[in-house]
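Below are the chains, spelled out letter by letter.
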Amino acid sequence: MSDLFGIIGVFDTPDAVKNAAIRVRDSGYRKFEAYTPYPIQGLDKILHPGTKWGLPVLMFGGAVFGAAWGYWIQAWSEVVNYPINVGGRPYNSWPAFTVGTFEFMVLCAVAAGLLGLLAASRLPQLYHPLFEARSFARASRDRFLVCIEATDPRFDAAAIGVLFTELGAERIEEVRA
Amino acid sequence: MTMTFAGEMPVGAPVVAPNVTLTSLSEEVTSRVLMRRAPLWWWAGFMIAFLLLTVLAIQMGWLFVNGIGVWGVDIPVAWGLALAEYVWWIALASGGTIVSALFFLTRSPWRSATNRIAESMLLSAAPCAGLMPIMHLGRPGLFYWLFPYSTVMGIWPQPRSPLWWDFICLLCYILMSLMYYYTGILPDLATVRDLAQSKSKQIFYGILALGWRGSTQEWGHQRVVYAIMSAIMAPMVISVHSVVGLDFAGGLTPGWHDTQFPPYFFFGAVISGTALIVMLTILVRWGYGLQDLLTAYHLNAMAKVMLVGSLLLAYAYVWEAFGPMYGGSVADKTEFFHRVFGFTAAPFWSEKILTVAVPQLLWLPFVRRNVPLLLLISTGIIIGMWQERYVFVIGSLEHNYMPSSWGVYFPTVWDWAALAGTIGLFLTLFFLFLRFAPIVSLAEVREIVEEERSK
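Residues numbered from 1 in each chain as written. Chains lettered and ligands numbered in written order. Predicted model: local features only at pLDDT ≥ 70, side-chain atom pairs only at ≥ 80, totals over all residues.

Draft legend 1. Expanded view of the overall build of chain A. Check the secondary structure of chain A and you find five helices and four strands. Listing each helix as α and each strand as β along chain A from the N terminus yields β-α-β-α-α-α-β-α-β. Against the 2.2 N^0.38 benchmark of 16 Å for 177 residues, chain A shows a C-alpha radius of gyration of 25 Å, more extended than a compact globule. Counting only C-alpha atoms and orienting by the principal axes, one finds that chain A spans roughly 80 × 30 × 30 Å. Relative to its 177 residues, chain A shows a buried fraction of 42%. (Helix = DSSP H or I, 4+ residues; strand = E, 2+ residues; numbered from the N terminus. Rg over C-alpha atoms; globule rule 2.2 N^0.38 Å. Buried ≥ 20, exposed ≤ 12 C-beta atoms within 10 Å, placed from the backbone.)

Now the structure itself:
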């Protein structure tokens, strides 16, 4: 069975896929994922329990870095590199530097968010075995998929087929690795 | 018994038409991107846009060869139409972020179908804004001197100046808006990829979608990042347009040197940006036949935002008069009289009528449902806002402190060519967005469709 990536069960409502995810989890499977056209409330908690602080913390880190960079680039140029006396104002006139600092801060926070999103989702990944599955294209439109992967220690194609049928899957498909 | 205005849209009215399903939604919107041939109106519109874009190219060529003397700018009016239009364009662009980010935070259901139009509009308008001051520089080839990168050139920009803040704001704004747009559209590009029939389109959208699969994990990450980005973009856009206001408030010219400018500019962005989105929404729903997705609910909600914008603006106009009248500066007072009764009186009064008086019609529920009227009112607001920018940029410079330095400004044909040309640039970009990217956010409208279904 090593040439299988996994087995897909196709469901037609968000409630069905949520119910299926709970049953699959309770049957002892661990390596499975749901693919849906839009984020389903509560599905995330079933599949990936636990709090996720990674991306918010990363964006906060980006903000801190950006603010430091933005302030530094202004202060260094005005205080150290090329001090100009502008009407007797202090070289380090920090109130005037706040705008630049703010802009660099938010820019870096947003950039960290986008890069973090891609990294955490392992994107870009232009090829994936799932793209070969006939039923997969509809996961971006109007169907809700659950895929149990072959790397799961309890993986057993026949048992999964029975489970998906029981859960009311309208279609069950094997995905080649 | 509850009191309602006659014809008021009831609470819980459907956001999208009841016959929209997940299947029809994706196919309807995606087919507009994937259709082999664009409809006739698209080509007609694109040709006009492209024609105007060539006007911009010719104008820029003439300007760069001859210098900004080809415009009507001179002393005392050294900031001409181009800078008034810079403010105008950036306000229009900012409206896109206000609708998209601010109303994401409030979880307003009408935002879901209109945010993509708003963001496409913003990404089309922001380059027009950015182009204006560059054209106005006199030596446009040296605009990169504003970048805080320097030791190589030995020249540092002056970070104490609002003009530099403005450059940084606009630069960061365009970059951040692109990232925000892309984070939102990524799942929709995957839908287009999955529906594409031809190999070339599958590859094109496949690369753009980066291999998005819609796994629960990806959605979880995307939603977290998108929510935080929205919470950042909302104050960010306020900072952008406020700093544009500081360009003027930091100047000593009577009529500019006023602390109310940052919020005043932001109020202008709320109303004019929303007005442009209303205009585009009406045209897009008509052109692409998306009346089921962009419904009366959306227009009604945006009309209310325009109404709020006009009230905010009315408040700012009160202070525009109160400052000079109460302040005791003779120059401020004469400059204000010049605006109201002098050479700029016509645009001054027309602007008040178009942006404050006429939008009061939006209190009436039937006006908010009448599409032609909404189109007229929003067009009027956009024209009125252009006049407002014209009056305070040019009117103030015409009437400086010393009567000996008073003067008048007449835009030349090249000034108008710059306006027509940037409208061309805006329309060209918007038509391309319309053709190559889903113009309605599919992932978000799907949630609305499911909500309606389970009601």
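Draft legend 2. The arrangement of the interface of chain B and chain A in detail. Of the residues lining the interface, 49 residues belong to chain B; the matching set on chain A comes to 52 residues. At the level of elements, helix 1 (22–34), helix 5 (162–195), helix 6 (199–209), helix 7 (216–249) and helix 15 (442–453) of chain B are the ones that each hand at least two residues to the side of chain B that touches chain A. In terms of residue count, the dominant contributor to the side of chain B that touches chain A is helix 7 of chain B (16 residues). Looking at side-chain class alone, the side of chain B that touches chain A contains 26 nonpolar, 15 polar and eight charged residues. (Contact = placed C-beta atoms within 7 Å. Nonpolar A, V, L, I, M, F, W, Y, C, P; charged D, E, K, R; others polar.)

Draft legend 3. A look at the packing of helix 9 (residues 296–327) of chain B against helix 13 (residues 371–398) of chain B. All names here are of chain B. Running from amino to carboxyl end, helix 9 crosses helix 13 at an angle of 30°, the nearest separation of the two axes being 12 Å. Judged by the angle between their axes, helix 9 and helix 13 are roughly parallel. Our pair here, helix 9 against helix 13, has a crossing hand that is left-handed. Facing helix 9, whose interface residues are Leu299, Ala303 and Met306, helix 13 presents Val371, Leu374, Ser378 and Ile381. Tallied by class, the residues present in the contact of helix 9 with helix 13 amount to six nonpolar, one polar and no charged. (Axes fitted to C-alpha atoms, helices over the stretch in contact; angles between N-to-C directions. Parallel < 35°, antiparallel > 145°, perpendicular 65-115°, else oblique. Left-handed = near helix turned anticlockwise from the far one by under 90°.)

Draft legend 4. Representation of the nonpolar core in the model. Val106 and Val110 of chain A together with Trp89, Ala125, Ala129, Met176 and Met306 of chain B are the most contacted members of the largest nonpolar core, which has 166 residues in total. Apart from the residues within four sequence positions on either side, Ala125 of chain B is in contact with Trp89, Leu92, Ala93 and Phe426 of chain B. Listed in part, the 29 residues of the second largest apolar core include Leu43, Leu47, Phe136 and Cys147 of chain A. (Core = buried A, V, L, I, M, F, W, Y, C linked by C-beta atoms within 7 Å.)

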